[in-house]
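# Reading the structure
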Amino acid sequence: MRFAYLIVVILFCQGLYIILTKSNLIKMIMGFSIAESALIMLLVLIGYREGGTVPIIYRDFSTVVDPIPQALALTAIVIGASITAVMLAFTIKIHKKYGTIDLNEIKELRNQ
Amino acid sequence: MKKIYPLILIFTFASLAIFLLLPEISGSRTLSEYYINSGVKDTGVINLVTAILFDYRGFDTLGEATVIFGVASAITFLIPKRKASMTSARFSPIVNQIIKLVIPFLVILGFYLIFYGHLSPGGGFTGGVVLATISILFTITFGIAYSQKMWSYKAKSLMESFGGMTFISIGLIGVVAGSNFLANGQAMFALGKSGDLLSGGTVPLLNLATGIKVGAGLAIIFNSMIKED
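Just so we're clear, the structure is a prediction, and the values are computed from it rather than from any experiment.

## With respect to the overall build of chain A
When its secondary structure is counted, chain A shows 4 helices and 0 strands. Going residue by residue from the N terminus, the α and β elements of chain A occur as α-α-α-α. For 112 residues, the compact-globule estimate of 2.2 N^0.38 gives 13 Å, and chain A exceeds it by more than 25% at 19 Å. By principal-axis analysis of the C-alpha atoms, chain A measures approximately 70 × 30 × 10 Å. The burial tally for chain A puts 27% of its 112 residues in the buried class.

## Regarding the interface of chain B and chain A
Taken residue by residue, the interface counts 36 residues in chain B and 30 residues in chain A. Within the residue set of the side of chain B that touches chain A, elements represented by two or more residues are helix H1 (4-21), helix H2 (30-43), helix H3 (48-56), helix H4 (58-78) and helix H9 (203-225) of chain B. Looking at the side of chain B that touches chain A residue by residue, the class counts come to 27 nonpolar, 4 polar and 5 charged.

## Quick look at the packing of helix H3 (residues 67-98) of chain A against H4 of chain B
In contact at an axis separation of 10 Å, H3 of chain A and H4 of chain B are set at 10 degrees when each is read in the N-to-C sense. In terms of orientation, H3 of chain A lies roughly parallel with respect to H4 of chain B. Here Thr75, Val78, Ile79, Ser82, Ala85, Val86, Ala89 and Lys93 of chain A of H3 of chain A come into contact with H4 of chain B, specifically with Asp60, Glu64, Val67, Ile68, Val71, Ala74, Ile75 and Leu78 of chain B. Of the residues contributing to the contact of H3 of chain A with H4 of chain B, the split by class is 11 nonpolar, 2 polar and 3 charged.

## Topic: the nonpolar core
Of all hydrophobic cores here, the largest spans 58 residues; its most connected members are Ala71 of chain A together with Leu48, Ile52, Ile68, Ala72 and Ile221 of chain B. It is H9 of chain B that contributes the most residues to this core, 10 residues altogether. In contact with Leu48 of chain B, other than residues within four places in its own chain, are Pro55, Ile57 and Pro67 of chain A together with Tyr35, Ile36 and Gly39 of chain B.

## Quick word on the environment of Leu72 of chain A
With respect to the helices and strands, Leu72 of chain A occurs in helix H3. Taking the C-alpha atoms as reference points, Leu72 of chain A and Leu43 of chain A, 29 residues apart in sequence, are found 7.5 Å from one another.

## So, the environment of Ile75 of chain B
Mapped onto the elements of the fold, Ile75 of chain B is located in helix H4. On the basis of neighbour count, Ile75 of chain B is assigned to the buried category, with 24 C-beta atoms found within 10 Å. A C-alpha to C-alpha distance of 6.6 Å links Ile75 of chain B and Ile221 of chain B, two positions 146 residues apart in sequence. Residue contacts for Ile75 of chain B: discarding those within four places in its chain leaves Ala85, Val86 and Ala89 of chain A together with Ile221, Ser224 and Met225 of chain B.

## As for the packing of helix H1 (residues 2-21) of chain A against helix H2 (residues 25-47) of chain A
Residues and elements named next belong to chain A. In the contact formed by H1 and H2, the axes pass within 7 Å of each other and the chain directions differ by 160 degrees. It follows that H1 is roughly antiparallel to H2 by the angle criterion. Our pair here, H1 against H2, has a crossing hand that is left-handed. Every residue of H2 that contacts H1 at Ala4, Tyr5, Val8, Leu11, Phe12, Gln14, Gly15, Leu16, Ile18 and Ile19 is listed here: Lys27, Met28, Met30, Gly31, Phe32, Ile34, Ala35, Ser37, Ala38, Met41, Leu42 and Leu45. Taken together, the residues that form the contact of H1 with H2 break down as 17 nonpolar, 4 polar and 1 charged.

Calculation rules
Residues numbered from 1 in each chain as written. Chains lettered and ligands numbered in written order. Predicted model: local features only at pLDDT ≥ 70, side-chain atom pairs only at ≥ 80, totals over all residues. Helix = DSSP H or I, 4+ residues; strand = E, 2+ residues; numbered from the N terminus. Rg over C-alpha atoms; globule rule 2.2 N^0.38 Å. Buried ≥ 20, exposed ≤ 12 C-beta atoms within 10 Å, placed from the backbone. Contact = placed C-beta atoms within 7 Å. Nonpolar A, V, L, I, M, F, W, Y, C, P; charged D, E, K, R; others polar. Axes fitted to C-alpha atoms, helices over the stretch in contact; angles between N-to-C directions. Parallel < 35°, antiparallel > 145°, perpendicular 65-115°, else oblique. Core = buried A, V, L, I, M, F, W, Y, C linked by C-beta atoms within 7 Å. Left-handed = near helix turned anticlockwise from the far one by under 90°.

Below, the structure written as structure tokens:
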């Protein structure tokens, strides 16, 4: 069970590495999405209980998984999708202006 | 050589995160215990995630829906072009016929997810995304002109505004009834027998408003992003 947290850390660091090192804007957006999915996984893991059932109470239950992190995960998914959409729209704008989406080339074009 | 600094930063971050996450998290969970034990009695909704989203923390959900509204308006403002040439792919008649066959089922699935959001997994956001898929399928297979004809931009923006206004009006009813904004059981709403389709007071109405709003908003976002010179 503890190893699942390790996977979350590895996924998040992968996303962070992509954001920091890649110069292609589309790849950067992919990095954001990977880091975000790691966060959603973390929320699901925090709410997990050993042997818990789904938090829909229609009969007698012994253990139920924590419903609060699931509600927060829904918020995270909605906000993440919206932010991805805005980033893609800005990428379209940048490509229209400079003709490229590589950050290094954009830097050179701006220095001219 | 330049890539060594991000690596150092990431290793520091990873070791910190492992140090924080690996020991057993043993905080008290009194709030979730309370929600699990008396959530059904308080709200009349058997799906506790929906109960938290639309009753206990309904104001957060209003914020979420506002984020989608803001993103839709920002994207239509950023990309105001009226033509779309990105979707120039031609599909065989098989694809078109299958899409036409699938769409009524998608409508039913979307509205089922919205209306049964307080009884089973699903809810306003999930159902709204399924409804937005219809517009996306129309745009991809038949082109944007057909999609605009079937579900026009004006109708979409009207639906989005209607969803948001309905949400806020239902919230204001709670204020008029002498309780908090978005009050459910404390205001005059009858909670009904929990487990029925018509139960939970305001929760099914808020689900419907959110579903309409999210579906129209996501459809506007996609149809705006596919446009270009």
